[in-house]
Amino acid sequence: MKSTFVVPDGLEPAQRRSDALAPGDRMPSHNPMCFGCGPDAPNGLHLDARAGEGMAITGEMLVEPHFEGGPGMIHGGILSSAFDEIMGMNVMLMGVTAVTAVLDVDFAKPIQLGSRLRFSTEILGTQRRKIYVRAVAHLIDGDGNSGGDTGEEVGGAHGLFIIVDPSVHFRESRAKSQFASPEFGA
Ligand SMILES: CCCCCCCC(=O)SCCNC(=O)CCNC(=O)[C@H](O)C(C)(C)COP(=O)(O)OP(=O)(O)OC[C@H]1O[C@@H](n2cnc3c(N)ncnc32)[C@H](O)[C@@H]1OP(=O)(O)O
């Protein structure tokens, strides 16, 4: 991947929360109406994410017809959203609430509608409230049983996430939510 994103030296290792999900467990949606991971979002990405080992998670997504940009191709904003979401879910392994400050996407290869994508993401480390995350996307078979990372690598991303206090960060927006968990500032 040809990213120009700079990951600082000397990051602190991220700590997985003691009660984090076991590897292979499905990561819960933080909000059922979330465009990225919410099962009830009508035109959402419906990312299906699983906890991995250490500070890693994986996720899968079908490139639906309504994700079209160029003729027959995924829209770049959809791929960006998917990277944003899967890296945001990765941060949940730490048991903190964090929002994206910087998203850097490498659109390495064209991705056609109907493709299945597998995302692999890991937390690289932390620095004060900053969390650095890296992700890659591969094409996988329609049966989803290809083992994941053996398909063609079609994209990559880095994200900088900032830990926030949800009771403060979502205080004013929460009333506009179609659904919001109490942990986000009831
Ligand atoms: C709840 C889970 C939802 C998951 C959904 C998927 C993820 C998302 O899409 S979140 C939605 C998109 N993101 C947003 O809406 C965030 C909007 N931005 C903000 O609210 C603020 O800018 C926010 C919270 C990121 C940072 O503001 P603030 O809390 O004041 O941070 P601040 O004190 O300025 O900075 C903290 C550190 O981050 C760094 N930082 C902040 N923003 C940036 C940036 N854009 N670039 C580089 N560094 C930054 C600062 O330099 C500082 O670093 P250091 O510790 O070295 O001094």
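This one's a predicted model, so the numbers in the text were calculated from it and none came from an experiment. (Residues numbered from 1 in each chain as written. Predicted model: local features only at pLDDT ≥ 70, side-chain atom pairs only at ≥ 80, totals over all residues. Heavy atoms only, no water.)

Regarding its fold elements, the protein chain presents 2 helices and 6 strands. Walking the protein chain from its N terminus toward its C terminus, one meets helices and strands in the order β-β-α-β-β-β-β-α. What you see for the protein chain is a C-alpha radius of gyration of 16 Å, in line with the 16 Å of a compact globule of 186 residues. With the principal axes as the frame, the protein chain shows a C-alpha extent of 40 × 40 × 30 Å. Among the 186 residues that make up the protein chain, the fraction classed as buried is 40%. Intrachain contacts of the protein chain at a sequence separation of at least 6 include 67% that bridge at least 24 residues. When the accessible surface of the protein chain is summed, it comes to about 9600 Å², and 50% of that surface belongs to carbon and sulfur atoms. For the protein chain, the distance from the average site of its 15 positive side-chain charges to the average site of its 23 negative ones is 6 Å. (Helix = DSSP H or I, 4+ residues; strand = E, 2+ residues; numbered from the N terminus. Rg over C-alpha atoms; globule rule 2.2 N^0.38 Å. Buried < 20%, exposed > 50% of the residue type's maximum accessible area, 1.4 Å probe, protein only. Contact = heavy atoms within 4.5 Å. Areas by Shrake-Rupley, 256 points an atom, 1.4 Å probe, with all protein chains shown as cover. Lys, Arg positive; Asp, Glu negative; His and termini not counted. Charge placed at Lys NZ, Arg CZ, Asp CG, Glu CD.)

Moving on, we get to the pattern of salt bridges. One pass over the structure, following the stated rule, counts 7 salt bridges. Note that D48 is salt-bridged to R26, the shortest N-O span being 2.8 Å. A residue pair is termed long-range when its members are at least 10 positions apart, and D48 in strand β1 (residues 48-51) and R26 in the segment before β1 qualify at 22 residues. Accessibility expressed as a relative area gives 27% for D48, which makes it partly exposed. Judged by its relative accessible area of 49%, R26 is partly exposed. Among the ionic pairs, E60 bridges to R118, the shortest N-O distance being 3.3 Å. (Salt bridge = Lys/Arg side-chain N within 4 Å of Asp/Glu carboxyl O.)

Every regular strand shows the same layout, with side chains that alternate between the two sheet faces. Summarising burial for strand β2 (residues 56-62): 5 of the 7 residues are buried, a large majority. Examined bridge by bridge, β1 and β2 share 4 bridges and lie antiparallel to one another. Considered in β2, the bridge of D48 is made with E60. With antiparallel pairing between neighbouring strands as the criterion, β1 and β2 make up a hairpin whose turn holds 4 residues, including G54 at a positive phi of roughly 55 degrees. Bridge count for β2 against strand β4 (residues 116-127) is 7 bridges, and the pairing is antiparallel. Bridge assignment links M61 to a residue of β4, and that residue is L117. (Pairing = 2+ DSSP bridges.)

Taking 1.5 Å per residue, 16 residues should reach 22 Å; helix α1 (residues 76-91) reaches 23 Å between its end C-alpha atoms and fits that length. Turning to α1, its buried residues number three or more, namely I78, L79, S80, A82, F83, E85, I86, M87, M89, N90 and V91. Packed against the buried residues of α1 are β1, β2, β3 (98-106), β4, β5 (130-140) and β6 (153-163). (Expected span 1.5 Å × (residues − 1).)

Our focus in this paragraph is the state of the cysteines. Per the counting criterion, the structure on display carries 0 disulfides. Of all cysteine sulfurs in the structure, the one in C37 sits closest to C34, which takes part in no disulfide; the separation is 3.8 Å. On the basis of relative accessibility, which here comes to 11%, the residue C34 falls in the buried class. (Disulfide = S-S within 2.5 Å.)

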